[in-house]
Amino acid sequence: MAWIDALFKRMVELGASDLHMTAGKQPSWRLHGEMTHVEECAVIKTDQMRQILMEITPPANKEQFAADNDTDFAYAIKGLARFRVNLFVDRSGPGAVFRQIPEEILTAEQLGLPKAVVEFCRLSKGLVLVTGPTGSGKSTTLAAMIDFINKTRAEHIITIEDPIEFVHKDNECLINQREVGNHTESFKRALRAALREDPDIVLVGEMRDLETIEIAIETAETGHLVFGTLHTTTAASTVDRIIDSFPADRQAQIRTMLSTSLKGVVAQTLCKKIGGGRIAAIEVLVVNSAISAIIREGKTHQIPSNMQMGGKLGMKMLNDSLLELVVKGLVEPEEAYLKSVDKQGLASNLKVSGIQIEGVEVEDLTMPGSSPAPAPAPPQPSAPLPVGGTPVPGQPGQQVAGAGYEVDPFEAYKQQKGR
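These numbers were taken from a predicted model, which means no experiment stands behind them.

A. Structural detail: the pattern of salt bridges. The full count for this structure, using the stated rule, is 18 salt bridges. In this structure, Arg122 engages Glu119 in a salt bridge whose closest nitrogen and oxygen atoms are separated by 3.2 Å. Close ionic contact of Arg250 with Glu214 constitutes a salt bridge, the shortest N to O distance being 2.6 Å. Separated by 36 residues along the polypeptide, Arg250 in the loop between α9 (235–244) and α10 (251–261) and Glu214 in helix α8 (residues 210–221) bring together distant segments of the chain. Here Arg250 falls in the partly exposed class, since its relative accessible area comes to 22%. Residue class for Glu214 comes out buried when judged on its relative accessible area of 17%. Taken together, the shared-partner salt bridges connect Arg10, Glu13 and Glu40 into one network.

B. How the structure looks around the sheet that holds strand β6 (residues 93–102). Read across the sheet, six strands follow the order β3-β2-β1-β6-β5-β4 without closing on themselves; strand pairing throughout is antiparallel. Both edges of this open sheet fall to β3 (34–37) and β4 (70–77), since each of them pairs with a single strand only. Across this sheet, the average inter-strand angle for adjacent strands is 20°, counted without regard to direction. Note that strand β5 (residues 81–90) and β6 share 10 bridges and pair antiparallel. Looking across to β6, one finds that Asn86 is bridged to Val97. Where helix α2 (residues 46–54) meets the sheet, it contacts β1 (18–22), β5 and β6, and its direction lies at approximately 40° from that of β6.

C. Examining the environment of Ala81 more closely. Relative to the elements of secondary structure, Ala81 occurs in strand β5. Taking the C-alpha atoms as reference points, Ala81 and Glu103, 22 residues apart in sequence, are found 5.0 Å from one another. With residues near it in sequence (within four places) discarded, Ala81 still touches Val12, Tyr75, Ala76, Gln100, Ile101 and Glu103.

D. How the structure looks around the environment of Ser305. Looking at the secondary structure, you find Ser305 in helix α12 (residues 303–308). Residue classification places Ser305 among the partly exposed positions, given a relative accessible area of 36%. Separated by 12 residues in the primary sequence, Ser305 and Met317 place their C-alpha atoms 9.6 Å from one another.

E. Layout of the packing of aromatic side chains. One pass over the full model with this rule turns up three aromatic pairs. Where Phe8 meets Phe83, the ring centres are 4.1 Å apart and the plane angle is 20°; that geometry is what we call stacked. Taken as a pair, Phe8 in helix α1 (residues 5–14) and Phe83 in strand β5 lie far apart in primary sequence, 75 residues in all. On the accessibility criterion, Phe8 (0% relative accessible area) is buried. Feature note: the residues Phe8, Tyr75, Phe83 and Phe98 constitute an aromatic cluster, connected by ring pairs. Over the ring of Tyr337 we find Lys343; its NZ or CZ atom is 5.3 Å from the centre of that ring.

F. Representation of the nonpolar core. Core analysis: the largest hydrophobic core is formed by 65 residues, its most contacted members being Met145, Phe227, Leu258, Leu262 and Leu285. In terms of residue count, helix α6 (residues 138–152) provides more of this core than any other element does, six residues in total. With residues near it in sequence (within four places) discarded, Met145 still touches Leu113, Val117, Phe120, Cys121, Val128, Val130 and Phe227. Counting 27 residues, the second largest nonpolar core, distinct from the first, contains Ile52, Ala81, Leu87 and Phe98.

G. Broad picture of the environment of Arg189. Inspection of the secondary structure assignment puts Arg189 in helix α7 (residues 187–194). For Arg189, a relative accessible area of 51% corresponds to the exposed category. Once the C-alpha coordinates of Arg189 and Ile215 are considered, the two residues, 26 residues apart in sequence, prove to be 9.6 Å apart.

H. Structural view of the pairing of strand β11 (residues 225–230). Counted residue by residue, β11 has six buried out of six residues, so it is predominantly covered. In the sheet, strand β7 (residues 126–131) pairs with β11 via six bridges, with the strands oriented parallel. Along β11, the bridge assignment pairs Leu129 with Gly228. Bridge count between strand β10 (residues 201–204) and β11: four bridges; the pairing is parallel.

I. Quick peek at the pairing of strand β12 (residues 262–272). Of all 11 residues that make up β12, nine are buried, and the element is covered over most of its length. One ladder, built from five bridges, connects β7 with β12; its direction is parallel. Across the sheet, Leu129 pairs through a bridge with Val265, a residue of β12. Looking at chain direction, β12 and strand β13 (residues 278–286) are connected through nine bridges and run antiparallel. Across the sheet, residue Cys271 finds its bridge partner in β13, namely Ile279. As consecutive antiparallel partners, β12 and β13 are separated by five residues, and within that stretch Gly275 has a phi angle of approximately 95°, a positive value.

Each value, and the rule that gives it
- Residues numbered from 1 in each chain as written.
- Predicted model: local features only at pLDDT ≥ 70, side-chain atom pairs only at ≥ 80, totals over all residues.
- Heavy atoms only, no water.
- Salt bridge = Lys/Arg side-chain N within 4 Å of Asp/Glu carboxyl O.
- Helix = DSSP H or I, 4+ residues; strand = E, 2+ residues; numbered from the N terminus.
- Buried < 20%, exposed > 50% of the residue type's maximum accessible area, 1.4 Å probe, protein only.
- Pairing = 2+ DSSP bridges.
- Axes fitted to C-alpha atoms, helices over the stretch in contact; angles between N-to-C directions.
- Contact = heavy atoms within 4.5 Å.
- Phe/Tyr/Trp six-rings, centres within 6.5 Å; stacked < 30°, edge-to-face > 60°.
- Lys NZ or Arg CZ within 6 Å of the ring centre and 35° of its normal.
- Core = buried A, V, L, I, M, F, W, Y, C linked by side-chain atoms within 4.5 Å.

Function cannot be read off these values alone, since they describe shape.
Right, dumping it as structure tokens:
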């Protein structure tokens, strides 16, 4: 038993998501989203830290760490949990971050995934992306989606990960899990090889570079269902990120390919839950014919407005999800505001619901560039007409020959502005 195993056991007991180890400092947990010291552990010196970390590091990763000063691998304690490990060197010496990966895969029902997200698991082909910042629960969501497929369909699934996080056991599906560095050289190499391995579904743990993104889109176009992840915060920015990854002379082609292959985007962020724990706020984009045309024509700025009208299809904006969590009493308004991308929009929606965020002023959300309508010109006293003179049509307060009434000042103002 390694020395650090005792810390891992305590980590699982507390429900901490991460363990941070830095030479010359006390270890820290990330507990319910907040950093806190491991009180029962003393400061760990540089030599001690190196010994602790090398005790659990595989030989190949030791070599990589010595050459590059960082490395990734997975560490498992049977019957307890798996841990995703990153070793690094900073100015204090060697350090590490350990992410807890529970042995039990949470189901879509346990996670409370929207119905539209579950429906993505019933697709036969296309590209589905789960996005969000680091530590937003992307891997947990994808694991639940693969688990749902594993229980409801008889397919061949290939996952390509760095490192392997959740371990799936064959249920109705045959599942092959490949780890970058151990079982394959890179994501792009494994993805290209997957086309010759008769898959129905391919999961790409991270779409890091242009070539991986391109092969993923091609794989989806050739009749496979592809799941992937990106570090983007909204559905619209996900589409832009993919297109902008390509040279300008290829972007029109990629827009066309993406418009037919992309089936959905799940953008999520984790919020601190009232009473402890964390909960995901989820934005869902379902690609219908209107969204497909928007992508093809390069009008991605129209995606949010189309999502607002797509509620019947299961589309949901991030602010709507955050508002829902606040109204249900699951998340504090301040926490939702912190996690929102469109903060003023959320503050305005909260205000309409009777919820005020302390210290936040809600701005006037008038459309940019618009100006208030001009006030109508006040009526002027009638002026006597010059003898033999002809009145000018539209002049306020003047008698119009033969009409028998004075021109309405507001109508006159509009006529003047139109000249």
